[in-house]
Amino acid sequence: MPEQPYEPERAMAGTGMGGQMDLAASEATSLEKAPGGPEGAGPEGPGAEDKARSLWSDAWRDLRRNPVFLVSALVICFLVVISLWPSLIAPGNPLACDLAKAQEGSRPGHPFGFNGQGCDVYTRTVHGARTSVTVGVCATLGVAVLGSVLGGLAGFFGGAWDGFLSRITDVFFAIPVVLGGLVLLSVVTGNSLWPVVGFMVLLGWPQISRIARGSVITAKHNDYVLAARALGASPSRLLLRHIAPNAVAPVIVVATIALGTYIALEATLSYLGVGLKPPSVSWGIDISAASPYVRNAPHALLWPSGALAVTVLAFIMLGDAVRDALDPKLR
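Here's a quick rundown of the structure. Predicted model, so just to flag it, every value in this text is computed and none were measured. (Residues numbered from 1 in each chain as written. Predicted model: local features only at pLDDT ≥ 70, side-chain atom pairs only at ≥ 80, totals over all residues. Heavy atoms only, no water.)

### Let's talk about a nonpolar patch on the surface
Okay, so step 1: The grouping of Val177, Val178, Leu179, Leu182, Val183, Leu184, Leu202, Tyr271 and Leu272 at the surface amounts to a nonpolar patch, some 720 Å² of accessible area in total.
Okay, so step 2: At the level of elements, α7 (177-185) and α11 (249-272) are the ones that each hand at least two residues to the nonpolar patch.
Okay, so step 3: In terms of residue count, α7 provides more of the nonpolar patch than any other element does, 6 residues in total.
Okay, so step 4: Here leucine 179 is to be found in helix α7. (Patch = residues over 30% accessible without salt bridge, like charges linked within 9 Å, V, L, I, M, F, W, Y side chains within 5 Å. Areas by Shrake-Rupley, 256 points an atom, 1.4 Å probe, with all protein chains shown as cover. Salt bridge = Lys/Arg side-chain N within 4 Å of Asp/Glu carboxyl O. Helix = DSSP H or I, 4+ residues; strand = E, 2+ residues; numbered from the N terminus.)

### Some points on the pattern of salt bridges
Okay, so step 1: On inspection of all chains with the given rule, the structure shows 9 salt bridges.
Okay, so step 2: The partner of aspartate 62 in a salt bridge is arginine 61, with the nearest N and O atoms 3.8 Å apart.
Okay, so step 3: Its relative accessible area of 23% is what places arginine 61 among the partly exposed residues.
Okay, so step 4: Where arginine 210 meets aspartate 170, a salt bridge forms, and the shortest distance between an N and an O atom there is 2.3 Å. Pair noted here: arginine 210 is in helix α8 (residues 194-219) and aspartate 170 is in helix α6 (residues 159-173), with a separation of 40 residues, a long-range link.
Okay, so step 5: Residues participating in the shared-partner salt-bridge network are Asp58, Arg61 and Asp62. (Buried < 20%, exposed > 50% of the residue type's maximum accessible area, 1.4 Å probe, protein only.)

### A word on the nonpolar core
Okay, so step 1: Counting 34 residues, the largest nonpolar core has Phe69, Ile263, Leu308 and Leu326 as the members making the most contacts within it.
Okay, so step 2: Contributions of two or more residues to this core are made by α3 (55-64), α4 (67-84), α5 (121-157), α11, α12 (283-290) and α13 (298-326).
Okay, so step 3: Broken down by element, this core gets its largest block of residues, 12 residues, from α13.
Okay, so step 4: The contacts of leucine 308, once residues within four sequence positions are left out, are Ile263, Ala264, Ala267, Trp283 and Ile287. (Core = buried A, V, L, I, M, F, W, Y, C linked by side-chain atoms within 4.5 Å. Contact = heavy atoms within 4.5 Å.)

### As for α6
Okay, so step 1: With 15 residues, α6 should cover 21 Å at 1.5 Å per step; its first-to-last C-alpha distance of 21 Å lies within 8% of that length.
Okay, so step 2: Those residues of α6 that fall on the buried side of the exposure criterion are Asp162, Leu165, Ser166, Thr169 and Phe172. Down the axis, α6 shows its buried residues gathered within 125° of arc, on one side only. Pointing more than 90 degrees away from the buried face of α6 are the exposed residues Ala160, Phe164, Arg167 and Val171.
Okay, so step 3: Elements in contact with the buried residues of α6: α5 and α8. (Expected span 1.5 Å × (residues − 1). Arc of directions from axis to C-beta.)

### Some details on unusual backbone geometry
Okay, so step 1: Across the junction of proline 278 and proline 279, the peptide omega takes the value 10°, indicating a cis bond.
Okay, so step 2: Tracing the sequence through the fold places proline 279 in the loop between α11 and α12.
Okay, so step 3: In the Ramachandran plot, glutamine 103 falls in the positive-phi region, its phi being about 65° despite a non-glycine side chain.
Okay, so step 4: The topology assignment puts glutamine 103 in the loop between α4 and α5.
Okay, so step 5: Residue classification places glutamine 103 among the partly exposed residues on the basis of a relative accessible area of 27%.

Below you can see the structure in the form of structure tokens.
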């Protein structure tokens, strides 16, 4: 399309104050072609893209550009896959042991060698991911739900309920986690992972509760909540519709980081003999069994310990990336 000649009367743009200002030919043409005026606002209106953006959309955009998040997410996805289908990469039986192969090193078909009982270290390391990930996810969900409900109600209603919950929280914070696990789990005779999950939820909810309480207290004083209250919104609508969506971000960040901590705690309790017990397959059990043979068969200790360290690090890195993406102060 040929360029239109410059016409002075078409190159006069309103200043918004009743006057006019002279523009160059290129600017006059662009203003004429702009489908919404000098701001370039089309049929969608000015800043239509900004209207669709929110805290979560901005956070997801930042996460996709964060290499720390991408690496940790890939590691976690791999762990989830082998937890659901460990036989995809380790078709052997983790409970099949041969004492004649005890403490032997790597050989074809057994890249990680054998432990002190003659069990394939590679197979047990892969199958041990299921227990660790299951315990971590279930404990995190339980802690997040219980802590968010109790802390959110305390922060929203305040008063005697808030004071009572704060004192109960102080009591649970005073209990050492490892010592509490030794005392509480030593009386459990079963070999299920649910007592371990229940113990973590019992001692883990106070941290999430305090985070949720502080977030709710901050959110309920915002203008949009005060406006909804003035319009007659019920307490349940205020809490669920207006406060909870804007107060859940800190809870998600803390819960994501805590997931890796719970995986490490399960391994610690299993190592001490009060968590999961044989014949369960767990990284903590394998680390405990390989400790006496660390000089003769260090590979039996190296691989489950390395898998545990990588898993915990991946969840902590994921939590740090999510925290940076959800914190408006870091933008």
